[in-house]
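For reference, the chains in residue letters:
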Amino acid sequence: MSATTEVKTAVALPLPKPRDPQLWRMANCLRALAMDAVEKAKSGHPGMPMGMADVATVLFTKFLKFDPADPDWPDRDRFILSAGHGSMLLYGLLYLLGYPEMTIGEIENFRQLGSRTAGHPERGHAPGIEVTTGPLSQGLANSVGMALAERILNARFDDALVDHHTYVFAGDGCLMEGLSHEALGLAGHLRLKRLIVFWDNNSISIDGATSLATDDDQIARFKAHGWNTLSIDGHDTDQIADAIAQAQRSDRPTMIACRTVIAFGAPTKAGTSAAHGSPLGADEIASARRRLDWDSPPFVIPDDLMKAWRAAAARGVKARDAWRQRLAAARAEDRDELTRRMAGELPAEWCAALANAAKSFATERKKEATRQSSGRCLETLLPTIPELIGGSADLTPSNNTMIKGQKVLTAGAYDGRYIHYGIREHGMAAAMNGMAAHGGIVPYGGSFLVFTDYCRPSIRLAALMKLRVIFVMTHDSIGLGEDGPTHQPVEHLAALRAIPNLNVFRPADAVETAECWMLALENFTTPSILALSRQGLPALRTDVSANRSARGAYVLAEAVGPRAVTLLATGSEVAIAMAAREQLAGAKIAAAVVSMPCWELFERQDEAYKRSVLGNSPRVAVEAACREGWDRYLAPKGTFVGMTGFGASAPADALYKHFNITPEAVAAAAKALL
């Protein structure tokens, strides 16, 4: 059947008689707000909110556990609109349910500068928006992390204090994205039974019917991933309610396939791509109002319906109060621990313990890869921070992300603290975002730095959402050696440093690694990349009286006498800069070495500190990566020693010589500037 035939069939059929006239009218509130807001903005996606209004009405009025007066109540159900382009559905719900910050003024100001009602839902813009969505499938993958966080906390605090569901609205596009494969496989494998996904099965995308691009049997696909599946008419409120009740009883995650009509109620655009990403138009809206028996002016909700929505919201007060009573009656140890975790506060003793570890590193002066140093940091951190949950995308021995005795989290054994994500870098990163957004968990996960390419969208969203997520990315340069250019990151540091609100740490030795771990954990609103070496690096730091990495860059070794040249470096190349300094000293050239483990933190320092570190003399930067970004530190007179293309397959020492990233090359570059 062609897309055109499908459209004509949909338009020719009259609207079905509602099972429950009151729920029908309540759902039409959402449809009207979506039509009106998108039309006023002359921008947006009205079709999805109109198609899923019935499902949303049943879910929020009869099942979802929440309280607008206490929107961050820890044991609330989580709702994620993975199909974030349909944001007016969520905004309409928050307004109708009485979330104080979602006023009718915000609805009327949809997609305008400074409004809470951005084009796609943004975490932090208003209570009730759990995660930032829009890039399709991200919300679906975040939900896996949220459902996993609920099970982890439930294993520690039991049903009395942690017992909630995660609900997701996902569209055809969410399921087409490759990320969905990783997310669904992980959720099914871990049997996350508190996860319920509603698939908005309207068979329409921007280009037209989904049959233009896919013939996937989504029901079979979910079943293959170990999910429970149900199929319903997404406009039949009885079927919707029955399906949710069944899903809540399942011992597996559940997908409810909701057959819907995009832009339900619109006379000529329902069931067509014309309603996907454009306003319906004044004439179409007027006809839709008549068809839906909706005679209220734009942005006006009849009093009886507003009262019905607010009464539905009041359901949550009783559940919230009962939970608070259980919290008050719980053991003081459990009550205080849960409260601390959900507030994002770390235990008092962890920082001193890591500082002591740094002191031991300085005393040992052991040559080791910073990935090994990171593993030793975790040996201190994991016993002192119980909410620290680790994992790796099938690179555990290489990433050094698991310590001896760390219990593996498996289906039914959610008290484990290490997750084997499998070869699912993107799914891992998105799930970690979900865990962090849920609260009560501090996630870290490992892979190779080059594979940040696979999970960059989730890293970017972690930064946009201001989440404390720690990405342990090892094998950070040509220093990984024989695996060759496919695995050797060259442009990746520059690409990651380009992401706003992301701290990219590249420590030079064990002490700096401990300092960078400390900074990553202390920063509650910024995700972190720990770019760590495969090859062994010499110990450089002996002074651990302060966290010198906290200012992003510092003078590791000052010039003996007036500074003639400044050598700037990060990570494994700091040792090269130190060796070059010695060679220059032999030539009577006084050089200072500046270690720059985190550019982002250095950029936040005052100009006086920056000048004191960088100095006024010519500068040479050395990094086994591309030059992009370095020139800001090389003016007015400076040069760069590093990579100009891809790497090669050979032992690390041979590669550094081949690409001329050596103490001799740095010293020669310095001399050429003088």
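Above this text is the structure in question.
Attention here is on the structure that accompanies the text.

Quick notes on the rules
Residues numbered from 1 in each chain as written. Predicted model: local features only at pLDDT ≥ 70, side-chain atom pairs only at ≥ 80, totals over all residues. Heavy atoms only, no water. Helix = DSSP H or I, 4+ residues; strand = E, 2+ residues; numbered from the N terminus. Rg over C-alpha atoms; globule rule 2.2 N^0.38 Å. Buried < 20%, exposed > 50% of the residue type's maximum accessible area, 1.4 Å probe, protein only. Contact = heavy atoms within 4.5 Å. Areas by Shrake-Rupley, 256 points an atom, 1.4 Å probe, with all protein chains shown as cover. Pairing = 2+ DSSP bridges. Axes fitted to C-alpha atoms, helices over the stretch in contact; angles between N-to-C directions. Parallel < 35°, antiparallel > 145°, perpendicular 65-115°, else oblique. Nonpolar A, V, L, I, M, F, W, Y, C, P; charged D, E, K, R; others polar. Core = buried A, V, L, I, M, F, W, Y, C linked by side-chain atoms within 4.5 Å.

## So, the overall build of the protein
Right, so step 1: Summing up its helical and strand segments, the protein has 27 helices and 18 strands in all.
Right, so step 2: Taking 26 Å as the expected radius of gyration for a compact globule of 674 residues, we find that the protein reaches 28 Å, a close match to that expectation.
Right, so step 3: Seen through its principal axes, the protein has C-alpha atoms that stretch 90 × 55 × 45 Å.
Right, so step 4: Within the span of the protein, comprising 674 residues, buried residues form 62% of the whole.
Right, so step 5: Across the protein, the fraction of contacts at a sequence separation of at least 24, relative to all contacts at a separation of at least 6, is 78%.
Right, so step 6: Of the roughly 24600 Å² of accessible surface on the protein, 52% is carried by carbon and sulfur atoms.

## So, the sheet that holds strand β16 (residues 591-595)
Sheet strands associate in pairs through backbone hydrogen bonding, adopting either a parallel or an antiparallel arrangement.
Right, so step 1: In space, the 5 strands of this open sheet follow the order β14-β16-β15-β17-β18, with mixed pairing throughout. Whereas interior strands pair on both sides, the edge strands pair on one side only; in this sheet they are β14 (554-557) and β18 (638-642). Neighbour-to-neighbour, the strand axes of this sheet turn through a mean angle of 30°, independent of strand direction.
Right, so step 2: In terms of strand pairing, β14 meets β16 through 3 bridges, oriented antiparallel. Looking at β16, one finds that valine 555 is bridged to valine 594.
Right, so step 3: Those strands touched by helix α22 (residues 573-586) are β14, β15 (565-569), β16 and β17 (619-623), and its axis lies near 160° from that of β15.

## Some words on the packing of helix α2 (residues 21-41) against helix α13 (residues 303-329)
Right, so step 1: It is at 10 Å that the axes of α2 and α13 come closest, and there the two elements cross at 95°. Considering their axes alone, α2 and α13 lie roughly perpendicular with respect to each other. In contact with Gln22, Arg25, Met26, Cys29 and Leu30 of α2, α13 contributes Asp304, Leu305, Ala308 and Trp309.
Right, so step 2: Of the residues contributing to the contact of α2 with α13, the split by class is 6 nonpolar, 1 polar and 2 charged.

## Side note on the nonpolar core
Right, so step 1: With 72 residues, the main nonpolar core has Leu148, Leu192, Leu195, Met435, Phe471 and Ile529 as its most contacted residues.
Right, so step 2: Examining the composition of this core, we find that 11 residues originate from one element, helix α7 (residues 138-161), more than from any other.
Right, so step 3: Judged by nonpolar contacts, the second largest core, of 65 residues, contains Cys29, Leu30, Met102 and Cys258.

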